[in-house]
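One-letter residues, chain by chain:
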2 protein chains.
Amino acid sequence: MAAEKWVLMVTAQTPTNIAVIKYWGKRDETLILPVNDSISVTLDPDHLCTTTTVAVSPSFDQDRMWLNGKEISLGGGRYQNCLKEIRSRACDVEDTEKGIKIEKKDWQKLHLHIASFNNFPTAAGLASSAAGFACLVFSLAKLMNLKENQSQLSAIARQGSGSACRSLFGGFVKWILGKLMLVPSQHLQEGNGSDSLAVQLVDEEHWNDLVIIIAVVSSRQKETSSTTGMRESVETSLLLQHRAKEVVPKRIVQMEEAIQNHDFSSFAQLTCADSNQFHAVCLDTSPPIFYMNDTSHRIISYVERWNRSVGSPQVAYTFDAGPNAVLIARNRKIATELLQRLLFFFPPNSETDLNSYVLGDKSILHDAGIDGMKDIEALPLPPEINSISAQKYSGDVNYFICTRPGGGPVLLSDDSKALLNPKSGLPKEA
Amino acid sequence: MAAEKWVLMVTAQTPTNIAVIKYWGKRDETLILPVNDSISVTLDPDHLCTTTTVAVSPSFDQDRMWLNGKEISLGGGRYQNCLKEIRSRACDVEDTEKGIKIEKKDWQKLHLHIASFNNFPTAAGLASSAAGFACLVFSLAKLMNLKENQSQLSAIARQGSGSACRSLFGGFVKWILGKLMLVPSQHLQEGNGSDSLAVQLVDEEHWNDLVIIIAVVSSRQKETSSTTGMRESVETSLLLQHRAKEVVPKRIVQMEEAIQNHDFSSFAQLTCADSNQFHAVCLDTSPPIFYMNDTSHRIISYVERWNRSVGSPQVAYTFDAGPNAVLIARNRKIATELLQRLLFFFPPNSETDLNSYVLGDKSILHDAGIDGMKDIEALPLPPEINSISAQKYSGDVNYFICTRPGGGPVLLSDDSKALLNPKSGLPKEA
């Protein structure tokens, strides 16, 4: 090691992802091994991502982390597992410019500072922990010069948050369950989890027609955390194992095929059915778990009615462990019509500014011919709706985010993007 | 037959019922054969029942029916099937007092007038068709002197509306799926349905501690009819068959045991889990079916929290094809506390009269110390609720009905209770 004053930093940006074939249920709680494969689409980091700066310095006397500017504890088992796995794989690092040399063995003694920031509300149920753990693992792997490939890194991120493993890639990503080993007694025994990892099915260019609109839905309920919910489902739902063993394996094959072939009809049918089945398993849990609310149900009903009126799916919906709708439109034209419909049914409150009501790729708003409240008020009744049921629900959606499938983690070499001060290694805002 | 002027009438009253192990899915749409056994509790006809008067006269020139005073068509297949089945079993009838004699063969030519009245709102999702078809079959069987026993009659009522077969008995009732026959090709073949009928498990005196409170929940959605919903679930849900074949058979055995032993903990656990699983199958249907709404979810959450805080179930909940909650309290003391909690969370609107907000057995209201709005406003926060979540939802419940397990169909010999004029055979109100 060189002089005691240096700070070595890496900054990276990692996307969030949304599952189209859902992960619900662990077969191993510590290793975070799932009961079934899952498939996700990575969301454009321009609109939803985590940025993380990791720093190492001989002057740091303990591992510390700041999330969105606030220091948080790294004491939890999930952080500890990730840090341990990464440190054990760390390699020699040399920065000749700065005159820094860290040997493999030094990493066990050196402490880390980590600062992480989400460009979207953490509490909104938008998979912030997935992007967060993926970014932590990815940036530390760069800092410590790990030789592992993205899939191998995904198996480490998985131990922080299951779905984080899918955020190591852009496009469409499959999280492979991993092998179960058959031992002589004929009981299934689980592996060590190293084969439960993510692989990229196709990159973000493969199906770039797709447009994604997220409705962040207002909720008065406190939701069950997905960790708790999953555990209770595994313990009490009599449908979960049937889903994991009989239903999902077939859907995974069909979904991969639909993605390869840009077959939107199959893609939408599978995505919607699998979201609904995941929520069905939640309802079959004791006590039952309700993530969707009346607003979620309404959005589903509108989409189903529209799809049926056209005769083929135009929009797919999927809901994670919360009431937010993630709507995937087959192309930009449909996305424009979708946004018009959403704003027709869920206009902003009079005190809400349109600019803070539709976030992300605002060009879709302009394509939809909407520049202000007057344009929303002038939106026509969608033709598939009888006027009787054309009630409007102002205030039931907090805001919309327009986005698209996006790329995987990237390094940000521009130092101005770093969240830690390159001298002190402390948060810039602090 | 005697002179042309006579009218022969029978009036009967039949209860409604609520399933505690649910019927969802037919294996034969015409015969109405279910995919699994179900178990129900019959509700006290004092609070929820159908009264039906059936009349025969040589002066009638066609079969006619009036429901709640309004003439309706008897052309539907379900009415036709019931009428055909009953006529084919009709026997000689003699009323020496009135000098009327009808021979078996005459029934094929004689026309019927039927008037039916529910003592509860038909559209409120309270199994009005179950009570209605049961009453139709029971009263016609009396009029036409059928020799069949109640179970055999239930197999006829079943062809009008599946769950109607369970309204032929009081207490707890099991609707038996009926045998599937194994034919040489190893494919299961269905029987003619004569063995798909209801049997009484225990009468209404067996477990007379139970008190039932129904919350009739306001809904802005038009609901999928149970006939349509069931068909779509059978066609599209990948969980329904697993439920029918693997889950329900075990629950039926456990539920019969719980009922025999007055084991409220098991009874409540099974009732709640089975209601939730039925709604899970609805959600797993394409397009998904939502019968419960946010108010239903809230009621479940309150009950679950209360049960957990006590350490054992005090109240069971079950929901049919709509948002209404049927809450079964283990005894009258718990029912009183339940009603207090319900009125705390769901107080009536200021313009609603308490007398029309709590219907049925109002003595529970008095036991709860509630005589007016002031008493509701003074209700304390239930101890299991943190003040943070103590939001009140005035207007989300239309009204409550307090009732209990009740008896089966009865004949009303008092002519003043008849709905048809004994001279004209036309509705009294008309």
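- Looking at an unreviewed UniProt entry, one finds chain A named Diphosphomevalonate decarboxylase MVD2 (Peroxisomal) and attributed to Citrus sinensis.

Notes on helix H1 (residues 77–87) of chain B
- The complete set of buried residues in H1 of chain B reads Tyr 79, Cys 82, Leu 83, Glu 85, Ile 86 and Arg 87 of chain B.
- Its buried side turned inward, H1 of chain B meets strand S7 (64–67), strand S8 (70–72), strand S11 (111–118), helix H2 (128–143) and helix H3 (150–157) of chain B.

Some remarks on the sheet that holds strand S5 (residues 38–42) of chain A
All names here are of chain A.
- Taken together, the four strands give an open sheet; going across it, the order is S2-S5-S12-S15, and neighbouring strands pair in antiparallel fashion. What marks the edges here is a single partner per strand, and that holds for strand S2 (17–21) and strand S15 (198–202). Strand after strand, the sheet turns through a mean of 35° between neighbouring axes, direction not considered.
- Looking at chain direction, S5 and strand S12 (residues 172–175) are connected through four bridges and run antiparallel. Directly across from Ser 38, in S12, lies its bridge partner Trp 175.
- In the packing of helix H6 (residues 264–283) onto the sheet, contacts are made with S2 and S12, and the angle to S2 comes to roughly 95°.

Focus on the packing of aromatic side chains
All names here are of chain A.
- Counted under the stated rule, the structure contains 32 aromatic pairs over all chains.
- For the ring pair Phe 264 and Phe 267, a centre distance of 5.9 Å and an interplane angle of 45° mean the geometry is tilted. Remark: Phe 267 and Phe 264 occur in helix H6; sequence separation between them is three residues, near one turn of the helix.
- According to the relative accessible area criterion, Phe 264 is buried, its value standing at 3%.

Some thoughts on the pairing of strand S1 (residues 8–15) of chain B
Residues and elements named next belong to chain B.
- Where burial is concerned, most of S1 is hidden: eight out of the eight residues are buried.
- Every second residue of S1 is oriented toward a common face, with Leu 8, Val 10, Ala 12 and Thr 14 on one face and Met 9, Thr 11, Gln 13 and Pro 15 on the other, all of them buried.
- Strand direction decides the pairing type here: S1 and strand S6 (residues 49–57), joined by eight bridges, are antiparallel. Opposite Leu 8, over in S6, you have Val 56 as the bridge partner.
- The sheet contact formed by S1 and strand S21 (residues 410–411) spans two bridges and is antiparallel. Among the inter-strand pairings, Ala 12 is bridged to a residue of S21, identified as Leu 411.

Looking at the environment of His 279 of chain A
- Counting through the fold element by element, His 279 of chain A comes out in helix H6.
- His 279 of chain A sits in the buried class, given a relative accessible area of 4%.
- Expressed as a C-alpha distance, the spacing of His 279 of chain A and Gln 152 of chain A, which sit 127 residues apart in the sequence, is 31 Å.
- Excluding residues that lie within four positions of it along the chain, His 279 of chain A makes contacts with Tyr 291, Met 292, Phe 319 and Asp 320 of chain A together with Leu 283 of chain B.

About the cut-offs
Residues numbered from 1 in each chain as written. Chains lettered and ligands numbered in written order. Predicted model: local features only at pLDDT ≥ 70, side-chain atom pairs only at ≥ 80, totals over all residues. Heavy atoms only, no water. Buried < 20%, exposed > 50% of the residue type's maximum accessible area, 1.4 Å probe, protein only. Helix = DSSP H or I, 4+ residues; strand = E, 2+ residues; numbered from the N terminus. Contact = heavy atoms within 4.5 Å. Pairing = 2+ DSSP bridges. Axes fitted to C-alpha atoms, helices over the stretch in contact; angles between N-to-C directions. Phe/Tyr/Trp six-rings, centres within 6.5 Å; stacked < 30°, edge-to-face > 60°.

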